[in-house]
Amino acid sequence: LERLLAKVRTDHQILNLLHLNFCPFCYANFQVFAEDVPTVQAMYPTQLKFLQVNHSSQLKSVRIGTLKLTTVDCPYFGIEAGR
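Residues numbered from 1 in each chain as written. Predicted model: local features only at pLDDT ≥ 70, side-chain atom pairs only at ≥ 80, totals over all residues. Heavy atoms only, no water.

### What about the overall build of the protein chain?
Piece 1. In terms of helices and strands, the protein chain carries 1 helix and 2 strands.
Piece 2. Ordered by position from the N terminus, the helices and strands of the protein chain form the series α-β-β.
Piece 3. Intrachain contacts of the protein chain at a sequence separation of at least 6 include 46% that bridge at least 24 residues.
Piece 4. Here the protein chain has roughly 6,600 Å² of accessible surface; of this, 57% comes from carbon and sulfur atoms. (Helix = DSSP H or I, 4+ residues; strand = E, 2+ residues; numbered from the N terminus. Contact = heavy atoms within 4.5 Å. Areas by Shrake-Rupley, 256 points an atom, 1.4 Å probe, with all protein chains shown as cover.)

### Points about unusual backbone geometry
Piece 1. One non-glycine residue, His55, adopts positive backbone phi at about 60 degrees.
Piece 2. Considering the arrangement of structural elements, one finds His55 in the loop between strand 1 (48-52) and strand 2 (61-65).

### Notes on the nonpolar core
Piece 1. Within the largest apolar cluster, 8 residues are counted, these being Leu5, Val32, Phe33, Val37, Val40, Met43, Leu69 and Cys74.
Piece 2. Those residues within four positions of Val32 in sequence are excluded, and the remaining contacts are Leu4, Thr70, Thr71, Val72, Cys74 and Ile79. (Core = buried A, V, L, I, M, F, W, Y, C linked by side-chain atoms within 4.5 Å. Buried < 20%, exposed > 50% of the residue type's maximum accessible area, 1.4 Å probe, protein only.)

### Quick word on a nonpolar patch on the surface
Piece 1. There is a patch of nonpolar side chains on the surface, built from Leu51, Leu59, Val62 and Ile64 and spanning about 290 Å² of accessible area.
Piece 2. In this fold, Ile64 is placed in strand 2. (Patch = residues over 30% accessible without salt bridge, like charges linked within 9 Å, V, L, I, M, F, W, Y side chains within 5 Å. Salt bridge = Lys/Arg side-chain N within 4 Å of Asp/Glu carboxyl O.)

### Remarks on the packing of aromatic side chains
Piece 1. Scanning the entire structure with this criterion turns up 1 aromatic pair.
Piece 2. Their ring planes at 90 degrees and their centres at 4.9 Å tell us that Tyr76 and Phe77 sit as a pair that is edge-to-face.
Piece 3. Looking at Phe77, the relative accessible area reads 46%, which means it is partly exposed. (Phe/Tyr/Trp six-rings, centres within 6.5 Å; stacked < 30°, edge-to-face > 60°.)

### Overview of the side chain of Thr71
Piece 1. Relative to the assigned elements, Thr71 resides in the segment after strand 2.
Piece 2. A distance of 2.9 Å separates a polar atom in the side chain of Thr71 from the backbone nitrogen of Arg83. (Polar contact = N/O pair within 3.5 Å; in protein donor to acceptor, adjacent residues only side chain to side chain.)

### As for helix 1 (residues 37-47)
Piece 1. Residues of helix 1 that are buried include every one of Val37, Val40 and Met43, and no others. Seen from one end, helix 1 has its buried residues packed into an arc of 115 degrees, which puts them on one side. Those residues of helix 1 that are exposed and aimed more than 90 degrees away from the buried face are Pro38, Ala42, Pro45 and Thr46.
Piece 2. Buried residues along helix 1 sit against strand 1. (Arc of directions from axis to C-beta.)

### Details of the environment of Val32
Piece 1. By secondary structure assignment, the location of Val32 is in the segment before helix 1.
Piece 2. Using a relative accessible area of 8% as the deciding quantity, one classes Val32 as buried.

Have a look at this one:
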């Protein structure tokens, strides 16, 4: 989620296969939402429910809920601002 928020840029690939850089689109720097990371993280305690996962060696917890965010223009994905 954080890669889609305002003011977030990264040079870390989402996909890193054999340490080869053959995918320029593997860098997810497409802003989709107007809100920044601290604003959205402040919503977590009231908007997301924390579920503990027992008896799993890989998955420890899951958060579910709805975040009300505002979109920005992102023509690459066909997203209009203010939705």
